[in-house]
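One-letter residues, chain by chain:
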Amino acid sequence: RKEVEQDPGPFNVPEGATVAFNCTYSNSASQSFFWYRQDCRKEPKLLMSVYSSGNEDGRFTAQLNRASQYISLLIRDSKLSDSATYLCVVNSDAGNMLTFGGGTRLMVKP
Amino acid sequence: SQTIHQWPATLVQPVGSPLSLECTVEGTSNPNLYWYRQAAGRGLQLLFYSVGIGQISSEVPQNLSASRPQDRQFILSSKKLLLSDSGFYLCAWTRSIMTSGRGTQYFGPGTRLLVL
């Protein structure tokens, strides 16, 4: 079983739609959680950290469910510019080692 | 502010040739440094990480090596490239484990390597 699993997609949605991605992780001792965004042929960039109480940044909402070991990302009012691959990332040790999911590809259509 | 540089941006090399990719970080000291490879359409694979000068840990056996000759410089090398070495090579940094923070990694722009 992979340490961090994501549905690869692609998720094809119209502009203005709400879309949600889930990610599951296998290590119950995981401590820190992130969503990164990667545009085609570019480096991953931090989208947002995921806090235990859930957090929101504009149109983006991240949730953490430790009991079920999954993380979610909700995007409201999708824009064409949201088209990218979204990487679920988990820090499972006391250091700075991150484990990346394979990514979920989102395509927002006009 | 901190910035991370990688070069070259793109590289086409024949099988069996040597490789040297460089990564430098500005605006911070004693960072943790990482090399990842991303094959086409695939996830990130951690290759090496370093917590200090001369300290290298390897995550997967391969024909690649890494070195950290200076605090903010990380080099990825190979003596003889294989076809399977093709991919997108990303360097990343985090603040040292000794400082506060949640382990966020920041990536350089990457080097796209094609081995023919």
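Residues numbered from 1 in each chain as written. Chains lettered and ligands numbered in written order. Predicted model: local features only at pLDDT ≥ 70, side-chain atom pairs only at ≥ 80, totals over all residues. Heavy atoms only, no water.

S.K.: Sorry, what's going on with the overall build of chain B here?
M.R.: Looking only at helices and strands, one finds zero helices and 11 strands in chain B. In terms of overall size, chain B behaves like a compact globule, its C-alpha atoms giving a radius of gyration of 14 Å where 116 residues would be expected to give roughly 13 Å. Once the C-alpha set of chain B is aligned to its principal axes, its extents read approximately 45 × 25 × 20 Å. Split into buried and exposed, the 116 residues of chain B put 47% on the buried side. In chain B, the proportion of contacts linking residues at least 24 apart, taken out of those at least 6 apart, comes to 57%. (Helix = DSSP H or I, 4+ residues; strand = E, 2+ residues; numbered from the N terminus. Rg over C-alpha atoms; globule rule 2.2 N^0.38 Å. Buried < 20%, exposed > 50% of the residue type's maximum accessible area, 1.4 Å probe, protein only. Contact = heavy atoms within 4.5 Å.)

S.K.: I'm lost on the overall build of chain A in this one. Help?
M.R.: Secondary structure assignment for chain A yields zero helices and 11 strands. The helix and strand sequence of chain A, counted from the amino end, reads β-β-β-β-β-β-β-β-β-β-β. Against the compact-globule benchmark of 13 Å for 110 residues, chain A has a radius of gyration of 13 Å, which places it among compact chains. Within chain A, counting contacts between residues at least 6 apart in sequence, those at least 24 apart form 57% of the total. Summing over all exposed atoms, chain A offers an accessible surface of approximately 5,300 Å²; the carbon and sulfur share of this is 47%. (Areas by Shrake-Rupley, 256 points an atom, 1.4 Å probe, with all protein chains shown as cover.)

S.K.: When you look at the side chain of Q73(B) in this model, what are you seeing that I'm missing?
M.R.: When you line up the elements, Q73(B) lands in strand β8 (residues 73-78). A relative accessible area of 13% means that Q73(B) is categorised as buried.

S.K.: Would you explain the sheet that holds strand β7 (residues 60-65) of chain A in this entry?
M.R.: Hydrogen bonds between backbone groups are what pair the strands of a sheet, and the pairing can be parallel or antiparallel. Residue and element names in this part refer to chain A. Spatial strand order, β1-β3-β8-β7-β6: five strands in an open sheet with antiparallel pairing. Edge positions in the sheet fall to β1 (4-6) and β6 (55-57), since each has one partner strand and no second. Taken over all neighbouring pairs, the strand axes of this sheet differ in orientation by 20 degrees on average, direction set aside. (Pairing = 2+ DSSP bridges. Axes fitted to C-alpha atoms, helices over the stretch in contact; angles between N-to-C directions.)

S.K.: For this particular structure, what's the right way to read the interface of chain A and chain B?
M.R.: Where interface size is given, it is often the accessible area lost as the parts come together that is meant. Contacts between the two partners involve 22 residues from chain A, matched on the other side by 23 residues from chain B. Summed over both partners, the interface of chain A with chain B comes to about 1,700 Å²; 56% of that surface belongs to carbon and sulfur atoms. Applying the counting criterion to the chain A and chain B interface returns three residue pairs in polar contact (both at pLDDT 80 or more). For the side of chain A that touches chain B, the secondary-structure elements that each account for two or more residues are β4 (32-38), β5 (44-50), β9 (84-91) and β10 (98-100) of chain A. Each residue belonging to the side of chain A that touches chain B can be placed in one class, and the counts come to 11 nonpolar, eight polar and three charged. (Buried area = accessible area lost by both parts, 1.4 Å probe. Polar contact = N/O pair within 3.5 Å; in protein donor to acceptor, adjacent residues only side chain to side chain. Nonpolar A, V, L, I, M, F, W, Y, C, P; charged D, E, K, R; others polar.)

S.K.: Can you walk me through the state of the cysteines in this structure?
M.R.: In the structure shown here, the tally under the stated rule is two disulfides over all chains. Residue C23(A) pairs covalently with C88(A) via a disulfide, S to S 2.0 Å. Judged by the torsion about the S-S bond (-70 degrees), the C23(A)/C88(A) disulfide is left-handed. Separated by 65 residues along the polypeptide, C23(A) in strand β3 (residues 19-25) and C88(A) in strand β9 bring together distant segments of the chain. In this structure C23(A) comes out as buried when scored by relative accessible area, which is 1%. The residue that forms a disulfide with C23(B) is C91(B), at a sulfur-sulfur distance of 2.0 Å. Looking along the S-S bond of the C23(B)-C91(B) disulfide, the torsion reads about -70 degrees, which is the left-handed sense. You can see C23(B) sitting in strand β3 (residues 19-26) and its partner C91(B) sitting in strand β9 (residues 87-94), a full 68 residues away along the chain. Judged by relative accessible area, C23(B) falls into the buried class, the value being 0%. For C91(B), a relative accessible area of 0% translates into the label buried. (Disulfide = S-S within 2.5 Å.)

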